[in-house]
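The lines below spell out each chain.
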Amino acid sequence: IRANSRPPYSLFHPFKQNDPRRSLSMTKLDHRIHFALNCGAKSCPHIESFEGSSVMKELSEVAQAFCECDSNVTINAEEHELILSMIFHWYRSDFSSSVAKLPYKIVEYLTGDRKIKLQQMINSGKSITVSFHSYDWSANARNNKEYMGGRKLAAEQWSIEALLRFKICTEIVV
């Protein structure tokens, strides 16, 4: 998903040269993917479904929705400060070449007064202090239901079936 880019705090790329999955990885990293993935924590982006025919437009929409939320992007014009979700810290290199350039990327996804405020901060020429909100890892489990299923889940079997169905592996030796 991240074009075989190194994960944060890792020395290695996910797929080595001879890994068959490498040929299926994206060729160019699209930072908007971070607004579409959800691990179930309260600080994660909202869960959305995407259509193949309109996924590029939908990725832009979820990026804008994420950045418009004050708990993800807080603009303090008086203090010349921008407080961002930890996602921007962990994956900073996916968004910009430095922390100081993050405001230029963030402003692309803002609208109205928030966009004007951040653009004025950028245009002022003063340095913008960029800091990061703490990440809330607690479960975002509203209206959750306890699983009462009687059948055994076959995760290994499902994984192999999924690989075959989506043709992720070109060859499976049994």
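Residues numbered from 1 in each chain as written. Predicted model: local features only at pLDDT ≥ 70, side-chain atom pairs only at ≥ 80, totals over all residues. Heavy atoms only, no water.

A. Broad picture of the pairing of strand β2 (residues 81–84). Where burial is concerned, the two faces of β2 agree: the one with E81 and I83 and the one with L82 and L84 are both buried. Looking at chain direction, strand β1 (residues 73–76) and β2 are connected through four bridges and run antiparallel. Across the sheet, residue N76 finds its bridge partner in β2, namely E81. A loop of four residues connects β1 with β2, the two strands running antiparallel in sequence, and H80 in this loop sits at a positive phi of about 55°. As defined by bridge partners, β2 adjoins strand β3 (residues 129–132) across four bridges and the pair is classed as parallel. Opposite E81, over in β3, you have T129 as the bridge partner. (Buried < 20%, exposed > 50% of the residue type's maximum accessible area, 1.4 Å probe, protein only. Helix = DSSP H or I, 4+ residues; strand = E, 2+ residues; numbered from the N terminus. Pairing = 2+ DSSP bridges.)

B. Local environment of the nonpolar core. Judged by nonpolar contacts, the single largest core of 28 residues is most densely connected at F35, V73, L82, L84, F88, I106 and L118. Counting residues per element, the ones that place at least two in this core are α1 (55–68), β1, β2, α2 (86–90), α4 (102–106) and α5 (112–123). Looking at this core, the element that brings in the most residues is α1, giving five residues. Excluding its chain neighbours within four sequence positions, the residues that come into contact with F35 are P45, V62, A63, F66, C67, F88 and F95. (Core = buried A, V, L, I, M, F, W, Y, C linked by side-chain atoms within 4.5 Å. Contact = heavy atoms within 4.5 Å.)

C. Local environment of the environment of R114. By secondary structure assignment, the location of R114 is in helix α5. R114 sits 46 residues away from E68 along the chain, and the two C-alpha atoms are 7.8 Å apart. Apart from residues no more than four positions distant in its own chain, R114 is found in contact with C67, E68, C69, D70, V73 and I75.

D. Region of interest: the sheet that holds β2. Taking strand neighbours across the sheet as the criterion, the three strands line up as β1-β2-β3 in an open arrangement whose pairing is mixed. The open sheet is flanked by β1 and β3, the only strands paired with a single partner. In this sheet, neighbouring strand axes are inclined to one another by 20° on average, regardless of whether the strands run parallel or antiparallel. Against the sheet, α5 engages β1 and β2, with an angle of about 60° to β1. (Axes fitted to C-alpha atoms, helices over the stretch in contact; angles between N-to-C directions.)

E. Just the environment of F132, in detail. In this fold, F132 is placed in strand β3. Judged by relative accessible area, which is 23%, F132 ranks as partly exposed. For the pair formed by F132 and L84, sequence separation is 48 residues and the distance between their alpha carbons is 4.6 Å. With residues near it in sequence (within four places) discarded, F132 still touches I83, L84, S85, M86, F88, H89, V99 and L102.

F. Seen up close, the side chain of S96. With respect to the element layout, S96 can be found in the loop between α3 (92–95) and α4. Reaching out from S96, the side chain makes a polar contact with the backbone oxygen of S98 at a distance of 2.6 Å. S96 has contacts with K101 and L102, leaving out every residue within four places of it along the chain. (Polar contact = N/O pair within 3.5 Å; in protein donor to acceptor, adjacent residues only side chain to side chain.)

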